[in-house]
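# Topology and contacts: notes
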Amino acid sequence: MPTQTRYRSEYVFKQACVLTLEWTQVYRHLLFNRLTHSDNRFDRSIIRLGILLLLFDVYLTWARIEKLPSPHGALNADILQAQPLVLQYLFFLALVLASTLAFHGPIRVLCSVDPAQLPGTVRAGWTRLVPYFPHPTPLSTALLVSSCTKLFPILLIIWDYDLPSSATAVSWAVIVNNIAALEILMDCGYVRAGVLVAVGAGLRSAIAWAMVWAVGLGTGWEGYSLEQSVRGWFDEMTRMVNV
């Protein structure tokens with residue numbers, strides 16, 4: 001009889017309803033398995049995932065910003081339509097790429113700082129806020145894998161719903177997933193993982209704001225309201241369920 005020589009995950013034998021109830025454990029299990037096979041090079045599947053997320057983020061960012069009012073009173077779509085389509089795409093591609101690098105960069109740099117090299121007065125406070133993890137590739141891998149929620153608005157192909165509200169809800173979901181992924185990878189606690197994600201997200205927002213403002217499209221958040229966005233997203237989800 002043939003023998004099984006490879007380890008098989010316990011979740012292969014789980015029912016779908018059980019997997020749904022244990023989604024946190026399943027997520028931790030899959031992410032841990034992916035990261036434990038990572039070395040100093042990105043896995044090819046992670047590179048493909050990163051490209052997919054980048055291109056899809058270009059579409060979401062483009063669609064969201066063009067629907068916002070411009071500082072000049074018209075819509076950003078009117079300003080964008082005055083430029084060639086290729087130039088518009090290249091701008092949003094550069095915007096998303098710069099924002100992604102601005103998010104990953106500070107997290108990788110902060111985690112690479114060895115607390116033993118810091119002065120004693122700084123070391124205690126530093127270790128409370130920033131974990132030491134001098135392995136940048138697994139860090140970026142964890143952030144990319146946990147950002148798959150960005151693909152959720154692909155449902156636009158099936159349902160027509162409010163894109164700005166959905167994009168906002170997805171952004172917050174991605175941040176929560178990023179925190180969970182870093183905590184799983186480094187076992188550093190949710191507070192320190194949250195600090196890292198907050199720093200990266202803050203720099204990402206600053207870079208994106210500067211680039212959008214420089215081309216005359218405002219800040220990219222005109223007319224934004226967290227309460228209205230959450231309410232609009234909830235109404236859209238309710239409408240889709242009832243269809």
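You'll find the structure just up there.
Quick summary incoming for the structure in this document. (Residues numbered from 1 in each chain as written. Predicted model: local features only at pLDDT ≥ 70, side-chain atom pairs only at ≥ 80, totals over all residues. Heavy atoms only, no water.)

## What to know about the nonpolar core
Counting residues in hydrophobic clusters, the biggest one holds 20 residues, and the most contacted among them are Ile107, Cys111, Leu139, Leu182, Met186 and Leu196. Contributing elements (two or more residues each) for this core: α5 (85-112), α7 (136-145), α8 (163-186) and α9 (190-214). Sort the elements by how many residues they give to this core and α8 lands first, with 6 residues. Residues Val58, Leu95, Ala208 and Val212 belong to the second largest nonpolar core, which totals 11 residues. (Core = buried A, V, L, I, M, F, W, Y, C linked by side-chain atoms within 4.5 Å. Buried < 20%, exposed > 50% of the residue type's maximum accessible area, 1.4 Å probe, protein only. Helix = DSSP H or I, 4+ residues; strand = E, 2+ residues; numbered from the N terminus.)

## Structural notes on the environment of Ala173
Note that Ala173 resides in helix α8. On the basis of relative accessible area, Ala173 is assigned to the partly exposed category, the value being 27%. Separated by 24 residues in the primary sequence, Ala173 and Thr149 place their C-alpha atoms 7.0 Å from one another.

## Quick look at the pattern of salt bridges
Side chains that differ in sign of charge can pair as their charged atoms come close. For the structure shown, the criterion picks out 1 salt bridge. For Asp57, the salt bridge is made with Lys150, and the minimal N-O distance between the two is 3.3 Å. Note that Asp57 is positioned in helix α3 (residues 44-66) and Lys150 in the loop between α7 and α8, a separation of 93 residues in sequence. Each member of the pair Asp57 and Lys150 is classed as buried. (Salt bridge = Lys/Arg side-chain N within 4 Å of Asp/Glu carboxyl O.)

## So, the packing of aromatic side chains
Under the defined criterion, the tally for this structure stands at 5 aromatic pairs. Between Phe56 and Tyr59, the aromatic rings sit 5.9 Å apart at their centres with planes inclined by 50 degrees, giving tilted as the arrangement. Of the two residues, Phe56 and Tyr59 are both situated in helix α3; the distance of 3 residues between them amounts to about one turn of the helix. Centroid distance Trp62 to Tyr89: 6.2 Å. Interplanar angle 50 degrees. Geometry classified as tilted. Residue Trp62 is located in helix α3, and its partner Tyr89 is located in helix α5; the two are separated by 27 residues in the primary sequence. (Phe/Tyr/Trp six-rings, centres within 6.5 Å; stacked < 30°, edge-to-face > 60°.)

## Here's the deal with the packing of α5 against α9
Put simply, α5 and α9 touch, their axes get as near as 8 Å, and they point 150 degrees apart. The angle between α5 and α9 places the two elements in the roughly antiparallel class. The handedness of the crossing between α5 and α9 is right-handed. Residues Phe91, Ala94, Leu95, Ala98, Ser99, Ala102, Phe103, Pro106, Ile107, Leu110 and Cys111 of α5 touch α9, and the partners they reach there are Leu196, Val197, Val199, Gly200, Ala201, Leu203, Arg204, Ile207, Ala208, Met211 and Val212. By residue class, the composition of the contact of α5 with α9 is 19 nonpolar, 2 polar and 1 charged. (Axes fitted to C-alpha atoms, helices over the stretch in contact; angles between N-to-C directions. Parallel < 35°, antiparallel > 145°, perpendicular 65-115°, else oblique. Left-handed = near helix turned anticlockwise from the far one by under 90°. Contact = heavy atoms within 4.5 Å. Nonpolar A, V, L, I, M, F, W, Y, C, P; charged D, E, K, R; others polar.)

## Section: the packing of α5 against α7
In a pair of packed helices, the angle between the axes and the distance between the axes together describe the arrangement. Running from N to C, α5 and α7 cross one another at 140 degrees; their axes reach a closest spacing of 10 Å. With respect to each other, α5 and α7 are oriented oblique. When you trace α5 past α7, the crossing you get is right-handed. Contacts from Phe103, His104, Ile107, Arg108 and Cys111 of α5 reach α7 at Pro136, Thr137, Leu139, Ser140, Leu143 and Leu144. Its residues assigned to classes, the contact of α5 with α7 comprises 7 nonpolar, 3 polar and 1 charged.

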